[in-house]
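Tertiary structure, described
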Amino acid sequence: FYEKIIELMVGIIGAGISGLSTAYFLQQQAIPYVVLESAAKAGGYLQSQQKGAYTIDIGANSLLCDQALLDFLVKIGLEDKITESNAVSKNRFILKNGSYKALPTSPLALLWSNYFSWHAKKSIWKEFKNKTQSPENESISQFFERHFCKEIVEYAVNPFVMGIYAGNPAELLVKETFPTLVQYEKEYGSIIKGFIKNKAGGRKKVITLKGGMQQLPLTLAQQVNVQYDIQVIDIQKDSTQEWRVKTNKGDFLFSKLIITSPTFQTANFIENYAPDFAAALRKVYYPPMAAVHIAYKKAAFSHPLNGFGGLHPTQEGKFTAGVIWSSAVFSNKCPEDEVLLTVFVGGTLGAKHFQLPDNEILAKVHAELSSLYGINEQPVFQQVSRWQQAIPQYDLNVLPLHTFIKNLEQEGIHIVANWYKGVSLPDCIHKAEEVAKRIS
């Protein structure tokens, strides 16, 4: 053990996308920093594998980019690796009454499609004249049923939310997950009016990176200062009012701290300094999720796979939560005469399925896919990847964190993590830039 004193330097705990992005933005402003990472490599939940001819993304499968984010990717040197999605990816499907139906691509298109009943379409017309306001701590399901009807909640909102959060929309808070919708309601009454009036923001692109999404953290990690295999054990205010960070490789002294680690890890090292905050962190729920990558010969399929994928509402009673048609969305994911699918099992509403052994999950997935897609052959490739704690849930348990975080910021601790103010990759990169500006 040795003591390492680093004066007037920012300490960043965690080398996932949040920590690496924060380090990059601090570096751009010539602010000294160091990233402490407990693992032997960077990336956190953003992991990719090359399995022979198959490019497998275990975490995020794609990135929804506006122009600012695309510019960021180019600036860090990923321009040659950016791959835009194929045109068919604009089509999204939801399982309804046992078969896939295309989800209309705009609020007004909902009125003219045959996806919803006349009762549901009537609720869409009525939403234009909404005068109600979201009560305190309203769930996503309650918000949309108040604006529309139960059918739209069950067959549009809930599967979409499950695809993002792997959570239960009846428990997730709308003000935490979709604050823009609550703002639209305040400004326009109707959230459809809000979408229409704010459409000028520009269309976003769905992209991936050659070699998998892990290229993003790996590229950043090569450009910033990361020290690996360093486990943070405890943090305390030093007698000089700086932060003393105790690790398995000695002590570090920082002027400010930026925490990017998951709640269940953060609670362990912050407990002595802020025990009430640690207790609140431990209440944040991360449901388990398994990603099943499975490939078949194209000739075995009767389904055209003409879209991004299909979501499976809970009402359909399926084993799987949804499927990304990976080789349809992006080319070169697998051999040309095959199709590659990414199938999701688990989440808050399907946690019991996650507990099954790999061989049972694979058997059930193949059986369900065979029924849904008319597959008449065995898979040529299959793999199960598991996250015991996948995505933080923005339910009532996250609310107490806000007050703690506000107080900690006054003391020199900042949070840039997917459990606070947005779970997506763009959210994390944007938060990193904002915190770096505040620190400067």
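What comes next is a walk through the structure. In this text the structure is predicted, and so the values were computed from the model without any measurement.

In this section: the overall build of the protein chain. Helix and strand content of the protein chain: 17 helices and 21 strands. Taking 22 Å as the expected radius of gyration for a compact globule of 440 residues, we find that the protein chain reaches 23 Å, a close match to that expectation. The principal-axis extent of the C-alpha atoms belonging to the protein chain is close to 70 × 55 × 40 Å. Counting across all 440 residues of the protein chain, residues that qualify as buried make up 54%. Long-range contacts, defined here as pairs at least 24 residues apart, represent 71% of the contacts in the protein chain between residues at least 6 apart. Measuring between centres, the 44 positive side-chain charges of the protein chain sit 7 Å from its 40 negative side-chain charges.

In this structure the tally under the stated criterion is 14 salt bridges. We note a salt bridge from E138 to R146, for which the minimum N-O separation is 2.8 Å. Owing to a relative accessible area of 5%, E138 belongs among the buried residues under this scheme. Overall, R146 belongs to the partly exposed group, its relative accessible area being 25%. A salt bridge links D358 to R386; the nearest nitrogen and oxygen atoms lie 2.7 Å apart. Placement of the pair is D358 in helix α15 (residues 358-373) and R386 in strand β20 (residues 381-387), with a sequence separation of 28 residues. By relative accessible area, which is 36% here, D358 ends up partly exposed. The exposure class assigned to R386 is partly exposed, which follows from its relative accessible area of 32%. A single salt-bridge network, built from bridges that share partners, covers E138, R146 and E185.

Packing of helix α5 (residues 140-147) against helix α8 (residues 179-188) brings their axes to within 12 Å, and their N-to-C directions diverge by 35°. Read as a crossing pair, α5 and α8 show a hand that is left-handed. Side by side, α5 and α8 meet where F143, F144, R146 and H147 of the first sit next to L181, V182 and E185 of the second.

Across the sheet, which stays open at both edges, the 3 strands sit in the order β6-β10-β7 with antiparallel pairing between neighbours. The two strands at the open ends of the sheet, each matched to only one other strand, are β6 (63-65) and β7 (82-84). Each strand of the sheet is rotated relative to its neighbour by a mean of 45°, with strand direction disregarded. Sheet topology places β6 next to strand β10 (residues 205-209); 3 bridges connect them, and they run antiparallel. Of the residues in β10, the one forming a bridge with L64 is V206. Together, β6, β7 and β10 form the strand contacts of helix α2 (residues 67-75), whose direction differs from that of β6 by roughly 115°.

Residue V157 marks the point of greatest curvature in helix α6 (residues 150-165), where the axis turns by about 35°; the proline P159 follows within four residues. Taken across its 16 residues, α6 has 12 buried, putting it largely inside the fold. Trailing α6 by a residue or two, A166 shows a phi angle of about 55°, which is positive.

Let us look at the packing of helix α1 (residues 17-28) against helix α17 (residues 425-439). Packed helices, taken two at a time, are described by their axes: the angle between them and the distance between them. Packing of α1 against α17 leaves a shortest axis separation of 8 Å and a crossing angle of 40°. Of the two possible hands of crossing, α1 and α17 adopt the one that is right-handed. Between α1, through I17, S18, S21, T22, F25 and L26, and α17, the contact on the second element is made entirely by L425, C428, I429, A432, E433, A436 and I439.

This part is about the side chain of N61. Among the secondary structure elements, N61 is positioned in the loop between β5 (54-57) and β6. Using a relative accessible area of 13% as the deciding quantity, one classes N61 as buried. Within the structure, N61 has its side chain in polar contact with the backbone oxygen of G59 (distance 3.3 Å).

Here we come to the pairing of strand β19 (residues 338-346). Across the 9 residues of β19, 8 count as buried, placing the element largely inside the fold. Alignment of strand β16 (residues 289-297) against β19, held across 9 bridges, turns out to be antiparallel. Bridge pairing links V292 to V343 in β19. Bridge count for strand β18 (residues 322-324) against β19 is 3 bridges, and the pairing is antiparallel. For I324, the partnering residue across the bridge sits in β19 and is T342.

The rules behind each value
Residues numbered from 1 in each chain as written. Predicted model: local features only at pLDDT ≥ 70, side-chain atom pairs only at ≥ 80, totals over all residues. Heavy atoms only, no water. Helix = DSSP H or I, 4+ residues; strand = E, 2+ residues; numbered from the N terminus. Rg over C-alpha atoms; globule rule 2.2 N^0.38 Å. Buried < 20%, exposed > 50% of the residue type's maximum accessible area, 1.4 Å probe, protein only. Contact = heavy atoms within 4.5 Å. Lys, Arg positive; Asp, Glu negative; His and termini not counted. Charge placed at Lys NZ, Arg CZ, Asp CG, Glu CD. Salt bridge = Lys/Arg side-chain N within 4 Å of Asp/Glu carboxyl O. Axes fitted to C-alpha atoms, helices over the stretch in contact; angles between N-to-C directions. Left-handed = near helix turned anticlockwise from the far one by under 90°. Pairing = 2+ DSSP bridges. Bend = angle between axes of the 7 residues up to and from the residue. Polar contact = N/O pair within 3.5 Å; in protein donor to acceptor, adjacent residues only side chain to side chain.

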